[in-house]
Amino acid sequence: MNTTGLLEVTAVRRVTPRTVRVTFTGDGLGELEPWPDQQLKLLFPPPGRPVRLPSPDDDVMRWYQAFLAIPEDERPVMRSYTVRDRDPARAAIDVDFVLHDASRHDGPATGWARSAAPGDVLGRYGPDATYRRPVPIAGTVVIAGDETAVPAAATLLSEVDNALVFLEVPDAAEEQPLPGEVRWLHRDGAPHGKKLLEAVRGASFGPASAAWLAGEAGMVRSLRRHLVGERGLDKRVIEFTGYWRRELTQDDAPTSEDLADAREKLGG
Ligand SMILES: Cc1cc2nc3c(=O)[nH]c(=O)nc-3n(C[C@H](O)[C@H](O)[C@H](O)COP(=O)(O)OP(=O)(O)OC[C@H]3O[C@@H](n4cnc5c(N)ncnc54)[C@H](O)[C@@H]3O)c2cc1C
């Protein structure tokens, strides 16, 4: 299947006050292999311009070089998202966009999602099976994340039936029906990740458990530190991804902590 192409919006709906579900169709989506936690890069065109895609290429590095070679004023902004649902018969996928705190400056992806409408066109790279993350396997699988991790957690829950799931969202209105039992934590103004960490700390599961963690990078780091340092989980059975960084955009350079996380992921 094509890993890159155009996506056209066919439907937009609010599933919670802060979550916009966008349905896209596009070439290749009908042949998308099913696996949970599918990640893709969305390409947002500069305002008022069509999206310009790097020439199709199956090699991700060459594709990325071609992306960087697009003149800056025409180059799309690239952001990572998750396939929330798929409909192969219609060659369609759903992506859930969290509209984060409107009092701050919207990033390009969030700004786009706020006013997305049928007919809008984005580019995509992925989902690419090369970057498929293994689903953790153990007697108990701890799944923990913030609102940006809800789409991936939803797809994982369809596959993992022995999960202990903790999802922290801004308030009760952000809960969504998911396949499985979820412990929802409502931030209700508390610092991001505080209630999630407290809930995971207070839960009973043994050191033979595995884990899947995603959301704000500092929060993911604290959860991982707790699971490895205080609960004795083996690092190798913890799948973790910092999805976004406080005060930093996805275009900003990695911090020393991001680089250390990347080394850990590579097993270094
Ligand atoms: C593999 C992967 C899968 C992801 N899947 C999803 C998904 O399915 N749905 C989804 O909504 N997000 C998802 N994310 C997170 C999303 O990519 C980021 O939130 C991204 O920064 C949004 O881009 P932006 O252009 O709106 O903001 P950026 O331009 O990247 O950042 C602008 C400002 O917004 C802040 N910011 C960014 N995200 C948040 C947030 N969630 N809450 C509060 N402040 C924020 C930044 O700190 C910065 O100050 C995923 C990330 C990864 C790596």
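From a predicted model like this one, the values you see are computed outputs, not experimental measurements.

K.L.:
Any chance you could explain the overall build of the protein chain here in plain terms?
P.N.:
Along the backbone of the protein chain there are six helices and 12 strands. Relative to a compact globule of 268 residues, whose C-alpha radius of gyration would be 18 Å, the protein chain shows 18 Å and is just as compact. Viewed in the frame of its principal axes, the protein chain has a C-alpha envelope of about 50 × 40 × 40 Å. Counting all 268 residues of the protein chain, 35% fall into the buried class. Excluding contacts between residues fewer than 6 apart, the proportion of contacts in the protein chain whose partners are at least 24 apart in sequence is 67%.

K.L.:
Sorry if this is basic, but what is going on with the sheet that holds strand 11 (residues 210–216) here?
P.N.:
Read across the sheet, five strands follow the order 10-9-8-11-12 without closing on themselves; strand pairing throughout is parallel. Since the sheet does not close on itself, it has two edges, and those belong to strand 10 (182–186) and strand 12 (238–244), each with one partner. Ignoring strand direction, the axes of neighbouring strands in this sheet form an average angle of 10°. Where strand 11 and strand 12 come together, six bridges link them in parallel fashion. Note on strand 12: the bridge partner recorded for Glu-216 is Trp-244. Strands strand 8 (141–145), strand 9 (163–169) and strand 10 of the sheet are contacted by helix 4 (residues 194–202), whose axis makes an angle of about 160° with strand 9.

K.L.:
I tried to follow the site of the ligand on my own but got confused; where do I start?
P.N.:
Among the 25 residues in the neighbourhood of the ligand, the closest are listed as Val-98, His-100, Gly-107, Thr-110 and Thr-249. Put simply, the parts of the chain that give the shell around the ligand at least two residues each are strand 4 (77–82), strand 6 (92–98), helix 2 (108–114) and strand 12. No other element matches the four residues that strand 4 contributes to the shell around the ligand. The class makeup of the residues in the shell around the ligand is nine nonpolar, 10 polar and six charged.

K.L.:
Just to check I follow, could you spell out the sheet that holds strand 4 for this structure?
P.N.:
Read from one edge to the other, the open sheet built from seven strands follows the order 4-3-7-1-2-6-5, with strand pairing classed as antiparallel. The sheet terminates laterally at strand 4 and strand 5 (85–87), the two strands that pair on one side only. Adjacent strand axes in the sheet meet at a mean angle of 35° when their direction is disregarded. In this structure, strand 5 lies alongside strand 6, joined through three bridges in antiparallel fashion. Pairing of Asp-85 across the sheet is with Asp-94, part of strand 6.

K.L.:
How do you make sense of the environment of Gly-218 when you look at a structure like this?
P.N.:
Take Gly-218: it is sitting in helix 5 (residues 217–230). On the basis of neighbour counts, which here come to 14 C-beta atoms within 10 Å, the residue Gly-218 falls in the partly exposed class.

K.L.:
Which parts of the structure should I look at to understand unusual backbone geometry?
P.N.:
Excluding glycine, residues mostly carry a negative phi; peptide bonds, for their part, are mostly trans. Note that the residue after Gly-126, namely Pro-127, is joined by a cis bond; omega there is -5°. Residue placement: Pro-127 occurs in the loop between strand 7 (121–125) and strand 8. Here the phi dihedral of Asp-37 falls at roughly 60°; this positive angle occurs in a residue that is not glycine. Counting through the fold element by element, Asp-37 comes out in the loop between strand 2 (19–25) and strand 3 (39–44).

K.L.:
Explain the nonpolar core here, please?
P.N.:
A general tendency of soluble globular proteins is for nonpolar side chains to be buried together. Core analysis: the biggest nonpolar cluster contains 35 residues, and Ile-143, Ala-153, Leu-167, Ala-211 and Leu-213 have the highest contact counts within it. Contributions of two or more residues to this core are made by strand 8, helix 3 (150–157), strand 9, strand 10, helix 4, strand 11, helix 5 and strand 12. When residues in this core are grouped by element, the largest group, six residues, is from strand 9. Beyond its immediate stretch of four places on either side in the chain, Ala-153 contacts Ile-143, Gly-145, Val-165, Leu-167 and Leu-178.

K.L.:
I'm lost on the domain arrangement of the protein chain in this one. Help?
P.N.:
Many authors give the size of an interface as the accessible area that is lost as the parts come together. Each assigned domain of the protein chain is listed with its residue range as follows: domain 1 (4–130) and domain 2 (133–265). Of note, the centres of domain 1 and domain 2, computed from C-alpha atoms alone, are 23 Å apart. On the side of domain 2, 18 residues touch domain 1, which itself brings 14 residues to the contact. Looking at the side of domain 1 that touches domain 2, the elements with two or more residues in it are strand 1 (4–16), strand 4 and strand 6. Counting residues per element, the side of domain 1 that touches domain 2 draws most heavily on strand 4, which supplies three residues. When the residues that make up the side of domain 1 that touches domain 2 are grouped by side-chain class, the tally is four nonpolar, five polar and five charged.

K.L.:
Teacher, can you tell me more about helix 3 here?
P.N.:
Three or four residues apart is the spacing at which side chains of an α-helix point the same way, because the helix has 3.6 residues per turn. Extensive coverage of helix 3 is indicated by the burial of seven of its eight residues. Regarding helix 3, the residues found buried are Val-150, Pro-151, Ala-152, Ala-153, Ala-154, Thr-155 and Leu-156. Looking at the buried residues of helix 3, the elements they touch are strand 4, strand 6, strand 8, strand 9 and strand 11.

Cut-offs applied
- Residues numbered from 1 in each chain as written.
- Predicted model: local features only at pLDDT ≥ 70, side-chain atom pairs only at ≥ 80, totals over all residues.
- Helix = DSSP H or I, 4+ residues; strand = E, 2+ residues; numbered from the N terminus.
- Rg over C-alpha atoms; globule rule 2.2 N^0.38 Å.
- Buried ≥ 20, exposed ≤ 12 C-beta atoms within 10 Å, placed from the backbone.
- Contact = placed C-beta atoms within 7 Å.
- Pairing = 2+ DSSP bridges.
- Axes fitted to C-alpha atoms, helices over the stretch in contact; angles between N-to-C directions.
- Near = placed C-beta within 6 Å.
- Nonpolar A, V, L, I, M, F, W, Y, C, P; charged D, E, K, R; others polar.
- Core = buried A, V, L, I, M, F, W, Y, C linked by C-beta atoms within 7 Å.
- Domains from an automatic or database assignment.

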